Amino acid sequence: MKISEIFNTSDRAIFSFEMFPPKKTSPIESVYGKLEEICALKPDFISVTYGAGGTGAHSRTCEIASKIKNDFGVESVAHLTCVNSTKDEIDSTLADFKAHNIENILALRGDYVEGVEPKKDFIYASDLCEYIKDHSEHSDFDLCGACYPEVHLEAKDEVEDILNLRKKVEAGAEHLISQLFFDNSVFYRFLERAKIAGINVPIEAGIMPVTNKSQIERMVSMCGASLPSKFVKIMQKYDSKPEALRDAGIAYAVEQIVDLLANGVDGIHLYTMNNPYVARKISEAVVSLL
Ligand code: FAD
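A. Layout of the overall build of the chain. A count of helical and extended segments in the chain gives eleven helices and eight strands. Taking 19 Å as the expected radius of gyration for a compact globule of 290 residues, we find that the chain reaches 18 Å, a close match to that expectation. For the chain, the spread of C-alpha atoms along the principal axes amounts to about 50 × 45 × 45 Å. Across the 290 residues in the chain, those meeting the buried criterion constitute 51%. For the chain, the proportion of contacts with a sequence separation of at least 24, taken over those separated by at least 6, is 79%. For the chain, the exposed area adds up to about 13300 Å²; of that, 50% sits on carbon and sulfur atoms.

This is how it looks when you write it as structure tokens:
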């Protein structure tokens, strides 16, 4: 089923998850147990990340997205980056996705990788959206796009970033998933900017439950999310108590989600970090509120 159809036919907020394939050095089967447990929570869909390197990165994404959909009966979205791929490579990846019954793509530019020369066929995610929509063999894929409540790190300012986001929607992105954030007021201001810019597609709020300190340090340095003092206090207090930090991280994410749902957001996209325990605890806490 296409994700846009899920949004169009649902009378409640959408609740979806993100998962990632195992590293190349681990067998693909190593994630199957977690996959099964997470799929059993029956989210509206699960998106599967794509390795940053370009060529060859798609096969594990394809395999996991296919398993989620075809074996566990949950709709899936395959992430696809374009900056390190040629048009021919994108054609062959999309053909593979289609052969595996995958209908939904999160169309991304991707990040530049040190030592890898970008291929230059695609500069922005909007180029990938346009390419897919303009080619009849690909045009029936449903497209999602990424968005940044705290502004993409490379953008000059929030006005430029929101106008660029509108280009992505005009190029075919039918639904947006946000970068993680820890301060809901940042997301509400972003929704206002999107509305003013005429962006009318559903926007899901990306929520990452923080369950260990190194995870948060890595995430914040990668995406620049700001940390409210309330959040920093929790991190400091439970820094050396892994179980307490995990539970506090779950509680913080639940509080964020309750507030977002009460404010009528279109959906919540939970970055599960492949952790079935955390995904289950949060699902149980919010399922009756959707
Ligand atoms: P774009 O939308 O192309 O934007 C990139 C920058 O270019 C922005 O500053 C934007 O303002 C600007 N821009 C965009 N369009 C134009 C235009 N037409 N003219 C001028 N400027 C423009 N990375 C991975 O490698 N694998 C993943 O699986 C993955 N999943 C992600 C999932 C989500 C929900 C999010 C939020 C991010 C994900 N990323 C992933 C990270 C993403 O690849 C990076 O954030 C990347 O830097 C930007 O990708 P984008 O698709 O948002 O780029």
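Having seen the model, we can carry on.
B. Representation of the site of the ligand within the structure. The environment of the ligand is formed by 25 residues, the closest being Arg 109, Asp 111, Tyr 148, Asp 161 and Lys 168. The contact in question runs from an oxygen atom of the ligand to an N or O atom on the side chain of His 79, over 2.8 Å. Here an oxygen atom of the ligand sits 2.9 Å away from a polar atom, N or O, in the side chain of Asn 164. Protein chains shield 87% of the accessible area of the ligand, which is 980 Å² for the free molecule.

C. Up close: helix H11 (residues 276-286). Taken as a whole, H11 has its buried residues at Pro 276, Val 278, Ala 279, Ile 282, Ser 283 and Val 286. Along H11, the residues classed as buried sweep out an arc of 160° about the axis, all on the same side. Tucked inside the fold, the buried residues of H11 contact strand S1 (14-19), helix H2 (32-39), helix H10 (242-262) and strand S8 (267-271). Of the residues that open H11, the one with a side-chain oxygen 3.1 Å from the backbone nitrogen of Tyr 277 is Asn 275.

D. Local environment of the packing of H10 against H11. The interhelical angle for the contact between H10 and H11, taken along N-to-C directions, is 40°, at an axis separation of 10 Å. Here the hand of the crossing between H10 and H11 comes out right-handed. Together, Arg 246, Asp 247, Ile 250, Ala 253, Val 254 and Ile 257 of H10 and Tyr 277, Val 278, Lys 281, Ile 282, Ala 285 and Val 286 of H11 make up the contact between the two elements. A breakdown of the residues in the contact of H10 with H11 according to their chemical character gives nine nonpolar, no polar and three charged.

E. Structural context of the pattern of salt bridges. For the structure shown, the criterion picks out 16 salt bridges. The closest approach of N and O atoms between Asp 140 and Lys 98, which form a salt bridge, is 3.1 Å. Note that Asp 140 is positioned in the loop between helix H5 (125-134) and strand S5 (142-147) and Lys 98 in helix H4 (residues 87-99), a separation of 42 residues in sequence. Residue class for Asp 140 comes out partly exposed when judged on its relative accessible area of 43%. One salt bridge connects Glu 117 with Lys 120, and the closest N-O pair in it is separated by 3.1 Å.

F. Spotlight on the sheet that holds S5. Here eight strands make up a closed barrel; going around it, the order is S1-S2-S3-S4-S5-S6-S7-S8 and the pairing parallel. The mean angle between the axes of side-by-side strands here comes to 30°, regardless of whether they run parallel or antiparallel. When strand S6 (residues 175-180) meets strand S7 (residues 203-207), the two strands line up parallel, connected through three bridges. Bridge pairing in S7 links Leu 176 to Ile 203. Strands strand S2 (45-48) and strand S3 (76-81) of the sheet are contacted by helix H3 (residues 58-71), whose axis makes an angle of about 165° with S3. Packing of H4 onto the sheet brings it into contact with S3 and strand S4 (104-108), and relative to S3 it is tilted by some 170°.

G. Region of interest: the packing of helix H6 (residues 158-170) against helix H7 (residues 184-196). Packing of H6 against H7 leaves a shortest axis separation of 10 Å and a crossing angle of 60°. For the element pair H6 / H7, the angle class is oblique. As H6 packs across H7, the resulting crossing turns out to be right-handed. Contact with H6, carried on its side by Glu 158, Ile 162 and Leu 165, involves Phe 190, Arg 193 and Ala 194 of H7 and no other residues of that element. Of the residues belonging to the contact of H6 with H7, the class tally is four nonpolar, no polar and two charged.

H. Summary view of the pairing of S1. Across the six residues of S1, six count as buried, placing the element largely inside the fold. What you see with S1 is no split at all: Ile 14, Ser 16 and Glu 18 on one side and Phe 15, Phe 17 and Met 19 on the other are buried throughout. Note on the crossover from S1 through H2 to S2: the handedness is right-handed.

I. Up close: H7. Taking 1.5 Å of rise per residue, 13 residues should cover 18 Å, and H7 covers 19 Å from first to last C-alpha, within 8% of that figure. Of all the residues in H7, the buried ones are Asn 184, Val 186, Phe 187, Phe 190, Arg 193 and Ala 194. Buried residues along H7 sit in contact with S5, H6, S6, S7 and H10. Just downstream of H7 lies Gly 198, where phi reads positive at about 85°.

So, how was this worked out
- Residues numbered from 1 in each chain as written.
- Predicted model: local features only at pLDDT ≥ 70, side-chain atom pairs only at ≥ 80, totals over all residues.
- Heavy atoms only, no water.
- Helix = DSSP H or I, 4+ residues; strand = E, 2+ residues; numbered from the N terminus.
- Rg over C-alpha atoms; globule rule 2.2 N^0.38 Å.
- Buried < 20%, exposed > 50% of the residue type's maximum accessible area, 1.4 Å probe, protein only.
- Contact = heavy atoms within 4.5 Å.
- Areas by Shrake-Rupley, 256 points an atom, 1.4 Å probe, with all protein chains shown as cover.
- Near = heavy atom within 4 Å.
- Polar contact = N/O pair within 3.5 Å; in protein donor to acceptor, adjacent residues only side chain to side chain.
- Arc of directions from axis to C-beta.
- Axes fitted to C-alpha atoms, helices over the stretch in contact; angles between N-to-C directions.
- Left-handed = near helix turned anticlockwise from the far one by under 90°.
- Nonpolar A, V, L, I, M, F, W, Y, C, P; charged D, E, K, R; others polar.
- Salt bridge = Lys/Arg side-chain N within 4 Å of Asp/Glu carboxyl O.
- Pairing = 2+ DSSP bridges.
- Parallel < 35°, antiparallel > 145°, perpendicular 65-115°, else oblique.
- Right-handed = clockwise from strand over helix to strand, strands pointing away.
- Expected span 1.5 Å × (residues − 1).

Everything listed here is a matter of geometry and, on its own, says nothing about what the molecule does.
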